[in-house]
Amino acid sequence: MAVCVAVIGKDNSPLYIGGIGTDSSTDNELSRQWLVHTALDALEERLVSSNTNAGNAPANAARTDLRDLYLGLLYSTDTHKIYGYVTNTRIKLVLVTSSTSPSGSNIRDAEVRTALRRLHALYADAICNPFHLPGDQITSSKFDKQVKNLMLNNV
Amino acid sequence: MKGVDSPPTSKEGMTNKPIVTCAGDWNLFCSLEAPLVAAIPQDSCEWRRSFGRITKFVYLEASFVKYNKDKVHSELNLLKRPILHIYWTDCVDIEYYKTTLREDIEGWFKQLEKNNITDWMIVLVETYDIRKTNKLLPRTTVLDKIKGDFAVKQTEDRFISVINPIKSEARSAESWRALVAKLRHLVLVSYNKTLNKFEEYMREQREKRNDPEWDFCKYFILQEQLAFVLEMLGLYEEALVQYDELDALFSQFVLNSNITESPKWLDTFKQQITSWQAIRLIPTVPLHLRELIIKRKASLLDFRSYLFQRQSAMLLLTEKPEEVASRCISTVHNTLVELSLLGAPSIEGAAASWAHLACVETLRVCEACTDMQAPLLHNAKDKLHELGKLCGLLPGSPEPTSEQLHLVVMLSAGMGDTETNNKSPTVRLKEALCSSTAFQQYYLELAELAMGTYKHIGRLRFARQIGRDLAAFYSELGETSKAVVFLVDALRSYEEQGWNELAAQTRLELVAAAKKMNDYDRYTTLSARIASTVELEILVRNFYFEEMIKSIKQNLTEKESVQTELNDCFHLIATSLLPSERGYITDSKVQCRVVIESFLPRDVVCTRGSICLDSESQIDKKTPVKNNKTDVSVGTQASPKKSSDDIDPSNFVTSIRLDELKPKNPLLDPMHITSKLHYKEDKSLQKATIECQNPKMILKRSDSGKYRKPVPPARPNCEMCLFCDNITIKPGVNEIIFECLPKKCGIFRVGVMCLSVEGKIEFISDVLLSTKLGFEVVTQGVTVYLNKVEPKKDLVAGLEHDMELVVTNGSSRLQENTTIHLRASTGLHLRYGVNSLLSRELTIPVDASEPFHTTKIPLRLFAVLMPKREKNIEHTVWLTCPWLDSVMEVPLHFSPPMISAWKLLTSNTRKFVHITLKSTVGHLVQLVLSEPKLECDGNTTVSDLNPKASGNLKVSSDGTTASFMWELLKDPLVKAGPMKATFTVQYRLENEDISRTFTCPFDVQDCTTLFVIRTKLEPGKGSDFCRASQVCCLHLSVQRVNETEYTSLMYEVLADQTTWAVLGRTAGVITMDSSTGEPQNVTLDVMPLVAGYLPLPTVRLSKYIAANTKDLKKDISTHPRLEPFSPGQVYHAGKTKQVHVLAPAPKEHLDITV
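This one's a predicted model, so the numbers in the text were calculated from it and none came from an experiment.

So, how was this worked out
Residues numbered from 1 in each chain as written. Chains lettered and ligands numbered in written order. Predicted model: local features only at pLDDT ≥ 70, side-chain atom pairs only at ≥ 80, totals over all residues. Heavy atoms only, no water. Helix = DSSP H or I, 4+ residues; strand = E, 2+ residues; numbered from the N terminus. Buried < 20%, exposed > 50% of the residue type's maximum accessible area, 1.4 Å probe, protein only. Areas by Shrake-Rupley, 256 points an atom, 1.4 Å probe, with all protein chains shown as cover. Pairing = 2+ DSSP bridges. Axes fitted to C-alpha atoms, helices over the stretch in contact; angles between N-to-C directions. Phe/Tyr/Trp six-rings, centres within 6.5 Å; stacked < 30°, edge-to-face > 60°. Lys NZ or Arg CZ within 6 Å of the ring centre and 35° of its normal. Expected span 1.5 Å × (residues − 1). Salt bridge = Lys/Arg side-chain N within 4 Å of Asp/Glu carboxyl O. 1 Å grid on protein atoms, 1.4 Å probe; cavity = no way out; pocket = protein on both sides within 12 Å on 5 of 7 lines; lining within 4 Å. Points joined across faces, edges and corners; volume = space filled by probe spheres on them. Nonpolar A, V, L, I, M, F, W, Y, C, P; charged D, E, K, R; others polar. Contact = heavy atoms within 4.5 Å. Buried area = accessible area lost by both parts, 1.4 Å probe. Polar contact = N/O pair within 3.5 Å; in protein donor to acceptor, adjacent residues only side chain to side chain. Disulfide = S-S within 2.5 Å. pLDDT = per-residue confidence, 0-100.

A. How the structure looks around the overall build of chain A. Helix and strand content of chain A: five helices and five strands. Order of helices (α) and strands (β) in chain A, N terminus to C terminus: β-β-α-α-β-β-β-α-α-α. Within chain A, the proportion of its 155 residues that are buried is 50%. Approximately 7,200 Å² of chain A is accessible, and the part contributed by carbon and sulfur atoms is 52%.

So this is what it looks like as structure tokens:
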């Protein structure tokens, strides 16, 4: 399903970037990083807009919006779609799907939402490690394996 | 409009008005058509729909056609099918109705029924007749007749009469309004029915979509009808829903075709793509495309164009241009994906042209919403780049080949030549494809605009990405300097946010640009940086390492050096100042250990490393105290009191790990959370909360100041540095010792660090600036002490003492030919070397020596013993040293070796001198005395009464004294006067051979005995013994033994009142006869008070100077006065005589005798 998954910290620096898939001239780890990086712009835009919504008085709907951590499709390119998710502590989870692969092009919003929720759970598990300093890059191989699995499971 | 069967498709833009047929009196209708058509859209009508759909108010339009009984329209053709049938008549004559009209209406009705049509209306147009209205009860009218004939249940309202507005406008208004309202109502009722039916059919059709025979195009046209109707009714959103459903359906088919077998109809869309005209966002229906779809000749692009145009039209009608923009992007992306999925053959670049044009066209629509413009521009720019690449228009590419030129022609042809408008995107694109300059101009325009727009809406990362594209473009264009600007910007933002790999990539691009520009400084530093980027592959790193070395050797030979940040290639781990035994002293080495990690892939030679030392200038200059006094020890130094904490050297640390400098991660702090239970007034629990005590501490922003532009640290330019030279830095952790010799003292802070690699690249770091790493350098000056060799012993004048001159170098080096000049105060002599002479001034050479060396120079010191009886003798030595500005003063304190005391003793007229010597020196000194001598001046001689073996006499400070005695032999013929005598004795220390002379002079005055007093006690008369309490007789005789001018003398008997009682006068004046030596005798009665051996009462003799009675004027004193004699002038012979006094006689004895 996904070709790349990224966990991005509060300060917008990458905590984890994992990708699978073939390395071709147009689709390689670096190109995915660019995608994830630029996705942050769209992601932050969403956050800001949801914040301002919350500031406005007709709050209830906005508040439920705010509570929804899944931000949906952030933007798309010819070849990829980038989805976003943000935790309450402003850890950003980004998932990139490839529109050229059969499974990626056919993906449903709900699937992405589930995948990102699972990623959130994995992330939470990973940083529960008492030896992990919050804000450090996630180097856990278990996390890596699980995330790769998450990406593959749906491919 | 009046055309019976004018196909709606032929009309401009295809407006789908509801079709209403007119039967009956066509001419009548024609007279009414114009006002009717005008009247219908004037007001809205409520549209009630079944299935609980929302009731809407819609504005209607209608087109009227003549009823044609032969033309039967399918129920499924929503557009061409008449929606309402009206029968018009103006018959007022019942008879005519009965004969003709009724039949006609019946025939019409039958036809309608045959076609299953229930939406009809019969209008009776009446002419206003005043007569009629005047009648109270209307007669049965034609309308009533018609109703009676044709009406069935619930259709009564379909019969309506209207007063002809043409003939009597004023009266007709009300009925006319009723007609129009009814017409609207019935049209909507009909629509409701029809649409429900249609939708049902549509659903049915859709359910069949998996049939092999099912055709999407057919279905599309079918469902689109619904959209048209909804659009016509003004329900644009619902119309859009229809299109969206179609869109989704199509997309799903295409996507599924990839997985499962694709249906046959999909082959339509796999056909060769020949046209990629720009979409046109206009509200009218692009009929040529629709025609293609109907004919199944639409390519995928045609279909997508059509669909998007319709969707946009709906959106624009609902005023949502921003939605158009966002849909444009997704449509373009989807279409491109679909193209590849379907594999529709086309020439290369067709899709890109299409996508580009779609984006640019959309841009024109949504000029108002900048938010959406940026992605469109971005996309348009990307596609243009793709085209440029295909057509060989990119800068740096060779001249376009003939194939490429052909491609340009093909692409241009595919775009069509619909417009001549210069500004149209199609025209621009064609122009751009024609020449590379036009292309470049267009590309740059789009890119700059996209970047600017991204920046405007705050999407900096996108802007940076376009910046990178631009950089690549400019780089190809040869304008590398422009490229560098973009790359540097991008690089900085990646670095700031920790996207190391992206930064590394950008650096690779930047290094290529630098090479192109021959910017060797940048090239070298970037090569170094890249070589130490761990994210990159080792081969790349090694390559750039070689490049760096090569560049240093080839390109930077003439330059001085290039500077870059230390952090690029090294990581400073820890720094510590090595402790020094004596503290940090000028001219002694200060060492600083620096632990750095090198990321460079290989060993590198650091030709020179330096750490700048910033001197704290605020600190006052007086701190280095030069020690002038011998008794003040150096080293204790008053720390500058007025300086703030910041520069207080005690606040300095000497060792630091750079990890510690990082701000503490607030997430690691324990959160102070407490739980609280809140109770209501009735003590029941209201709520339980957890509260964070200091949310601000935990929730404070930590990412502010993120976009600070990093200022490359300037190369230090300071006077003092810690240095290290020629050190090989290995990959990984290295330890480097930096050293310096501070020449001046002060407080120094470790500042900018600079490693010069291969002599050319200087890696500079200012992280240490923020640390409080520092030290204080003090000067320990040269000190000179004049010390006693035996410090516990006092200095004794008259004895030679061993001293030493101690020169402590401190932190400085003593140069050769250094001399110290000593000058002593008068009476103090110095001797340097064993055999040299004693002198008051000395010049002592000091050998050259290393710092912290102590030179001891032995000296001997001798204070001349003055013939004074002072207890303390003070001397001073002045030292003149080359390193001191002033003369150093050393006070010295001496004590005399012995003190002499003398006494004059008298025996009658003989005189003796008694001299005692004792030592008061603090420590034990034993002096051997010899050759005592007393010399008197004038005619007095002395006779030595001392034992001849007096050479053995000793004086010691433990209390041993020595005494000497001489008798003064005076010539009696000479009149005695004041006499000077000098006592000399030779003394030496027991263990020394050299004897020195001790001299003590003294004066003797009035020592000649003038009078001798003799006293005698005799018992009273009649008794033989002296008894206590019996009066005795004291005989006092004063005899002159030498000539004297004093003749009047007063005697006083000074008796001890406990032993003697003097009866009568105790004093009296006697006058000595100067010519004779006869003694004067006085007798006094005294009574001893106690028995025993009693000393006789003493007699004092004084000069009596009588009151001057003769000459009152001369003498002030009118009273007599006494003057004492000098001790030696009166000799009291009986001074020590004692008399035996018996106890008083018993009283009984007296009584008996009486």
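Next comes the rest of the description.
B. The sheet that holds strand E36 (residues 979-989) of chain B, seen in detail. Residues and elements named next belong to chain B. Strand order in the open sheet formed by four strands is E34-E32-E36-E37, with antiparallel pairing between adjacent strands. Each edge of the open sheet carries a strand with a single partner, namely strand E34 (954-956) and strand E37 (996-1004). Ignoring which end each strand starts from, the neighbouring axes of this sheet average 35° apart. The sheet contact formed by strand E32 (residues 926-936) and E34 spans three bridges and is antiparallel. Residue pairing across strands places Val928 opposite Lys954, the latter belonging to E34.

C. View of the packing of aromatic side chains. Counted according to the given criterion, the structure contains 36 aromatic pairs over all chains. Plain terms: the ring middles of Trp214(B) and Phe216(B) are 6.3 Å apart, the flat faces sit at 65° to each other, and that makes the pair edge-to-face. Take Trp214(B): its relative accessible area is 6%, and that puts it in the buried class. For Phe216(B), a relative accessible area of 0% corresponds to the buried category. Taking 5.1 Å as the distance between ring centres and 85° as the angle between the ring planes, the aromatic pair formed by Phe543(B) and Tyr544(B) counts as edge-to-face. Using a relative accessible area of 44% as the deciding quantity, one classes Phe543(B) as partly exposed. A cation over an aromatic ring shows up here: Arg468(B) above the ring of Trp34(A), its NZ or CZ 3.6 Å from the ring centre.

D. Examining helix H17 (residues 480-496) of chain B more closely. All names here are of chain B. With 17 residues, H17 extends 24 Å between its outermost C-alpha atoms, agreeing within 8% with the 24 Å of an ideal straight helix rising 1.5 Å per residue. For H17, the complete set of buried residues consists of Thr480, Ala483, Val484, Phe486, Leu487, Ala490, Leu491, Ser493 and Tyr494. Of the residues trailing H17, Gly498 is marked for its positive phi of about 80°.

E. Just the pattern of salt bridges, in detail. All names here are of chain B. This model, assessed by the stated rule, comprises 41 salt bridges over all chains. A salt bridge links Glu361 to Arg364, with the nearest nitrogen and oxygen atoms 3.4 Å apart. Taken together, the residues Glu361 and Arg364, both in helix H11 (residues 350-365) and three residues apart, mark about one turn of the helix. By relative accessible area, Arg364 is classed as partly exposed at 35%. When the shortest N-O distance is used, the salt bridge between Glu800 and Arg831 registers 2.7 Å.

F. Region of the structure containing the pairing of E36(B). Residue and element names in this part refer to chain B. For E36, the tally of buried residues reaches eight of 11 residues, placing the bulk of the element in the interior. Where E32 lies against E36, eight bridges are found, and the strand directions are antiparallel. Across the sheet, Leu927 pairs through a bridge with Leu989, a residue of E36. Relative to E37, E36 is paired through nine bridges, and the arrangement is antiparallel. Counterpart to Thr982 in the pairing with E37 is Pro1001. Linking two consecutive strands that pair antiparallel, namely E36 and E37, is a turn of six residues.

G. Fine view of the sheet that holds strand E1 (residues 2-8) of chain A. Residues and elements named next belong to chain A. Across the sheet, five strands lie side by side as E2-E1-E5-E4-E3; this open sheet has antiparallel pairing. Both outer strands of the open sheet, strand E2 (14-19) and strand E3 (70-76), are each paired with one neighbouring strand and no more. Between one strand axis and the next, the sheet turns through 15° on average, direction left out of account. Pairing between E1 and E2: five bridges, direction antiparallel. Across the sheet, residue Val5 finds its bridge partner in E2, namely Gly18.

H. Focus on empty space enclosed by the protein. Residue and element names in this part refer to chain B. Summed over all chains, the structure comprises five cavities of 30 Å³ or more. The calculated volume of the largest cavity comes to roughly 50 Å³. Considering the residues around the largest cavity, the lining is formed by Asn16, Lys17, Pro18, Ile19, Leu78, Leu79, Arg81, Ile83, Tyr191, Val229 and Met232. Considering only residue class, the lining of the largest cavity consists of eight nonpolar, one polar and two charged.

I. Region of the structure containing the interface of chain A and chain B. Residue-level contacts link 30 residues of chain A with 32 residues of chain B. Here chain A meets chain B over a buried area of about 2,800 Å², counting both sides, of which 55% is carbon and sulfur. The residue Asp41(A) makes a salt bridge to Arg461(B) at a minimum N-O spacing of 3.1 Å. Applying the counting rule to chain A against chain B returns nine residue pairs in polar contact (both at pLDDT 80 or more). At the level of secondary structure, the elements contributing two or more residues to the side of chain A that touches chain B comprise E2, helix H1 (29-55), E3 and helix H3 (102-105) of chain A. Top contributing element to the side of chain A that touches chain B by residue count: H1(A), with 12 residues. Taken together, the residues of the side of chain A that touches chain B break down into 12 nonpolar, 10 polar and eight charged.

J. Quick peek at unusual backbone geometry. All names here are of chain B. Of note in this structure, Glu319 is not a glycine but carries a positive phi near 60°. In this fold, Glu319 is placed in the loop between helix H9 (300-317) and helix H10 (321-342). Using a relative accessible area of 67% as the deciding quantity, one classes Glu319 as exposed. The residue Glu931 is not glycine, and still its phi comes out positive at about 50°. Its place among the elements puts Glu931 in strand E32.

K. Spatial organisation of the state of the cysteines. Residue and element names in this part refer to chain B. In total, this model carries zero disulfides over all chains according to the counting rule given. Cys592 takes part in no disulfide bond, and the closest cysteine sulfur to it belongs to Cys740, at a distance of 9.2 Å. Note on Cys592: relative accessible area 0%, which makes it buried.

L. Summary view of the confidence of the model for chain B. Residues and elements named next belong to chain B. With 86% of its residues at a pLDDT of 70 or more, chain B shows a mean pLDDT of 78. Of all the helices and strands in chain B, helix H23 (residues 1147-1153) carries the lowest mean pLDDT, 49, while helix H15 (residues 436-456) carries the highest, 88. Per-residue pLDDT stays below 50 along residues 1-13; that stretch engages in 16 contacts with residues further than four places along the chain or on separate chains. In this model residues 702-710 is a low-confidence stretch, pLDDT under 50, and it forms 12 contacts with partners more than four residues away in sequence or in other chains. For this predicted complex, the interface confidence comes out at an ipTM of 0.88, alongside a pTM of 0.64.

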